[in-house]
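# Working through the structure, step by step
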Amino acid sequence: MHPVVRYSEQALRSADQAIGFLMQQAVENADCISLAAGLVDEHSLPVDLTRDTLQHLLQESAAGRKLLQYGTTQGPEPLRRIFRTWLAGLEQRSDGLADVPLSRFFLTTGSQQLLSLIVQALFNPGDICLVAAPTYFVFLGVLQAAGATTIPVQSDEHGMRPEALQQALQALEHSGQLPRVRLIYVVSDFENPSGVSISAERRPELLRLARAYSRDSRIFLLEDSAYRELRYDGDPPPSIWSFDHDQDTVILAQTFSKSFSPGIRVGLGVLPQSLVKAVSDLKGNEDFGSAHLNQHIVAATLKNGTYQQHVERVRNSYREKRDAMLRAADREFAGIPGVTWFRPAGGMYVWMRLPETIETGFHSALFRQATQTDKVMYVPGELCYPQDWPQRPRNEMRLSFGVQSVTGIEEGIRRLANAVRAVMAEQPAGGGAISA
Ligand SMILES: Cc1ncc(COP(=O)(O)O)c(C=O)c1O
């Protein structure tokens, strides 16, 4: 007799995650050109800069020992000060954000840890989160694990639609569920997966709605700015966070994973004061401080300006790859009816929509054709919607230009177009040409 392992409800709710399926598919289809992997470009990683910085940080033994010691739960104050100065630069604030106390800053293990801590701090099973449709699928997994109810809100090429958000909030109010709404989650710049940024006009509007519907209980707005620094065209709009003059509604999540190194895994959160204690208590239980040495590495490069130089190089390299993917899509999909895609001004992803009759999921003819015959892999778009949403579109895909070289991107898109053509040719007459 073997005793049974009794898993927690949270572990059971975590079982069917998109990220798990995707990792498995990546392993099973290792011979494919991957337009699926959301990893950063290997060649952009700052090996020399990190080596030089470490050498400098550890040169003097006594100082080095301090960095190899534990830090503090939120990250040491002098470091948080350096990160605040960096954020002031992004926010174009000449006062260094001096009015935002350092007590509201958290250095985290990537921004993912902050996303997870916020959900732990706010959600009981059945509590509600409103998300853009589509959205970052790992966050959907975090919500699912917490037993949250996730409500998709319609988005377009300017991001989450305020009218749709208002409608959703109104409907929740009418059904008596408004008190269960805890959070609105948006990726404000070059969203993973859609590549869309929320327009400057919509940013304050989304915040206004979060406030207007915060009646007895506060509805927070989590602004995930993971791709903010990977901008290839145009001027940055102000963050949603910058409109939160009372500083009580917006939680800002930043990361150095995309712009510097995910292996170092340093994230930065700025929280409304009302969340500081709860998140600090939870983080205390989890790790009582993220990797101290790593925080010093990033801080040192921010302080001496080598970080900014690095980001400029990264931007130039990704811009070239983004352009290569868009050019290849223009060329290879030109003759295929009903295929559309969004041209992102930054980030790592191109979101492509096929005719409605062409499904893209793991069990679809297209996924089989792409991975088994044409040897190219993508992320099925349906993973980026709540799993229990019956109306979720099934004819979309996320294409990443992060990891592949320009040649790999061109060949990957050529193969993908071949796969789409092959599946369309198999369809009964008249089935394939619904324009998207
Ligand atoms: C939108 C978004 N948010 C957050 C993250 C988490 O990244 P990290 O924990 O490395 O900061 C990612 C990673 O892909 C992402 O795409």
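Keep in mind that what you see is a predicted model, and the values were worked out from it rather than measured. (Residues numbered from 1 in each chain as written. Predicted model: local features only at pLDDT ≥ 70, side-chain atom pairs only at ≥ 80, totals over all residues. Heavy atoms only, no water.)

## Some points on the overall build of the chain
Selection criterion: Here a strand is any run of E in DSSP of at least two residues, a helix any run of H or I of at least four, and the numbering for each starts at the N terminus. For a compact globule the rule gives 2.2 Å times the number of residues to the power 0.38, and the radius of gyration it is set against comes from C-alpha atoms. Burial classes follow relative accessibility: with a 1.4 Å probe on protein chains only, a residue under 20% of its type's maximum area counts as buried, one over 50% as exposed, and anything between as partly exposed. Contacts are assigned to residue pairs that have any heavy atoms within 4.5 Å of one another. All tallies of charge rest on Lys and Arg as positive and Asp and Glu as negative; His and the ends of each chain are not included. Note that the charge is assigned to NZ on lysines, CZ on arginines, CG on aspartates and CD on glutamates.
Along the backbone of the chain there are 14 helices and 14 strands. Relative to the compact-globule value of 22 Å for 436 residues, the chain shows a C-alpha radius of gyration of 22 Å, a close match. With respect to the three principal axes, the spread of C-alpha positions in the chain is 70 × 65 × 55 Å. In the chain, which comprises 436 residues, the share counted as buried stands at 56%. At a minimum sequence separation of 6, the contacts of the chain that also span at least 24 residues come to 76%. Counting 43 positive and 48 negative side-chain charges, the chain places the centres of these two groups 3 Å from one another.

## Comments concerning the confidence of the model for the chain
In regions of low pLDDT, the predicted coordinates are not meant to be interpreted in detail. Under the convention used in this document: Note: pLDDT gives the predictor's confidence per residue, expressed from 0 to 100.
Overall, the predicted model of the chain reaches an average pLDDT of 94, with 98% of residues at or above 70. Under a pLDDT of 50 for its full length, residues 431-436 has, in the predicted model, 16 contacts with residues more than four places off or in other chains.

## Let's talk about the nonpolar core
One recurring pattern in soluble globular proteins is that nonpolar side chains are buried together. Operational definition: In this description, a nonpolar core means a group of buried Ala, Val, Leu, Ile, Met, Phe, Trp, Tyr and Cys residues linked to one another through side-chain atoms lying within 4.5 Å. Domain start and end points were adopted from an automatic or database domain assignment.
In terms of nonpolar packing, the biggest core is built from 82 residues, with Ile 118, Phe 139, Leu 183, Phe 333 and Leu 399 touching the most fellow members. Ranked by residues supplied to this core, first place goes to helix 14 (residues 406-426) with eight residues. Lining this core are residues from two domains, each supplying at least three of them: domain 1 (9-44 + 309-426) and domain 2 (47-304). For Phe 139, the contacting residues outside a window of four places in its chain are Leu 115, Val 119, Cys 129, Leu 183, Tyr 185 and Leu 222. Formed by 53 residues, the second largest nonpolar core is a distinct cluster that contains Leu 87, Val 100, Leu 107 and Val 250.

## Focus on the site of the ligand
Threshold: Near is defined per residue: the residue qualifies when any heavy atom it owns lies within 4 Å of the molecule or strand. Two N or O atoms count as a polar contact when they lie within 3.5 Å, although within protein this holds only if one can serve as hydrogen donor and the other as acceptor, and sequence-adjacent residues are included solely when both atoms are side-chain atoms. Accessibility throughout is a Shrake-Rupley quantity obtained with a 1.4 Å probe, and a residue counts as covered only by protein chains that appear here.
Close contacts around the ligand come from 13 residues, with Asp 224, Tyr 227, Thr 255, Ser 257 and Lys 258 the closest. Within the backbone of Gln 112, an N or O atom sits 2.9 Å from an oxygen atom of the ligand. Across the complex, the protein chains shield 93% of the 400 Å² of accessible surface that the ligand would expose by itself.

## Overview of the pairing of strand 7 (residues 220-224)
Heads up, the condition is: A pair of strands is treated as paired once DSSP finds two or more bridges between them. Here is how to tell: hold the view so the strands point away, follow the path from the first strand over the helix to the second, and if it runs clockwise the crossover is right-handed.
Counting buried residues in strand 7 gives five out of five residues, a clear majority hidden from the surface. Going residue by residue along strand 7, you find Phe 220, Leu 222 and Asp 224 tucked away on one face and Leu 221 and Glu 223 tucked away on the opposite face as well. Judged from the five bridges that link them, strand 6 (residues 181-187) and strand 7 form a sheet pairing that is parallel. Paired with Val 186 across the strands is Glu 223, a residue of strand 7. Where the polypeptide runs from strand 6 across helix 9 (residues 202-212) and back to strand 7, its parallel neighbour, the crossover connection is right-handed.

## With respect to the domain arrangement of the chain
Here is the rule: The term buried area denotes the loss of accessible surface (1.4 Å probe radius) that occurs when two parts are joined, taken as the sum for both partners. We count a salt bridge whenever a side-chain nitrogen from Lys or Arg sits within 4 Å of a carboxyl oxygen from Asp or Glu.
Here the chain is described as being made up of domain 1 (9-44 + 309-426) and domain 2 (47-304). Centre-to-centre separation of domain 1 and domain 2, based on C-alpha positions: 26 Å. The interface of domain 1 with domain 2 comprises 34 residues on the first partner and 34 residues on the second. Taken together, both faces of the contact between domain 1 and domain 2 bury some 2,900 Å²; the carbon and sulfur share is 63%. Our enumeration of links across domain 1 and domain 2 arrives at one salt bridge. Taking the shortest distance from any N to any O, the salt bridge between Arg 322 and Asp 233 comes out at 2.8 Å. Taken together, the links from domain 1 to domain 2 amount to 13 residue pairs in polar contact (both at pLDDT 80 or more). Contributing elements (two or more residues each) for the side of domain 1 that touches domain 2: helix 1 (9-13), helix 2 (18-28), helix 12 (306-332) and strand 11 (349-353).

## Notes on the pairing of strand 6
For strand 6, the buried fraction is high: seven of the seven residues fall into the buried class. Judged from the four bridges that link them, strand 3 (residues 128-133) and strand 6 form a sheet pairing that is parallel. For Ile 128, the partnering residue across the bridge sits in strand 6 and is Val 181.

## Examining the packing of helix 6 (residues 110-122) against helix 7 (residues 137-145)
Rules: Axes here mean lines fitted to C-alpha atoms, for a helix over just the part in contact, with angles spanning 0 to 180 degrees between N-to-C directions. Small angles under 35 degrees read as roughly parallel and large ones over 145 as roughly antiparallel, with 65 to 115 read as roughly perpendicular and the rest as oblique. The handedness criterion is simple: a crossing whose near helix is rotated anticlockwise from the far helix by less than a right angle is left-handed, and one whose near helix is rotated clockwise is right-handed.
Put simply, helix 6 and helix 7 touch, their axes get as near as 10 Å, and they point 30° apart. Classified by the interaxial angle, the pair formed by helix 6 and helix 7 is roughly parallel. The handedness of the crossing between helix 6 and helix 7 is right-handed. In this structure, helix 6 contributes Gln 112, Leu 115, Ser 116 and Val 119 to the contact, and helix 7 contributes Val 138, Phe 139, Val 142 and Leu 143.

## Considerations on the environment of Asn 316
Secondary-structure assignment places Asn 316 in helix 12. Residue Asn 316 is classed as partly exposed on the basis of its relative accessible area of 37%. Separated by 84 residues in the primary sequence, Asn 316 and Tyr 232 have C-alpha atoms spaced 7.5 Å apart.

## With respect to helix 8 (residues 162-174)
Keep this limit in mind: A helix is expected to span 1.5 Å for every residue after the first. The directions from the helix axis to the C-beta atoms form the arc being described.
Taking 1.5 Å per residue, 13 residues should reach 18 Å; helix 8 reaches 18 Å between its end C-alpha atoms and fits that length. The complete set of buried residues in helix 8 reads Pro 162, Ala 164, Leu 165, Ala 168, Leu 169 and Leu 172. Down the axis of helix 8, the buried side of the element spans an arc of 165°, and every buried residue falls inside it. Of the exposed residues in helix 8, those oriented more than 90 degrees away from the buried face are Gln 167 and His 174. Buried-residue contacts for helix 8 involve strand 3, strand 4 (149-156), strand 5 (159-160), strand 6 and helix 9. Gly 176 lies just past helix 8 and shows a positive phi near 80°.

## Focus: the sheet that holds strand 5
Judged by pairing direction, the sheet is mixed, and its eight strands sit side by side in the order 2-9-8-7-6-3-4-5 without closing on themselves. A strand with exactly one partner marks an edge of an open sheet, and here the two such strands are strand 2 (105-109) and strand 5. Two elements, strand 3 and strand 4, share six bridges in a ladder whose sense is parallel. Within the sheet, the bridge partner assigned to Ile 128 lies in strand 4 and is Thr 149. Its contacts with the sheet place helix 5 (residues 77-90) against strand 2, strand 8 (250-255) and strand 9 (266-270), and it is angled at close to 100° to strand 2.

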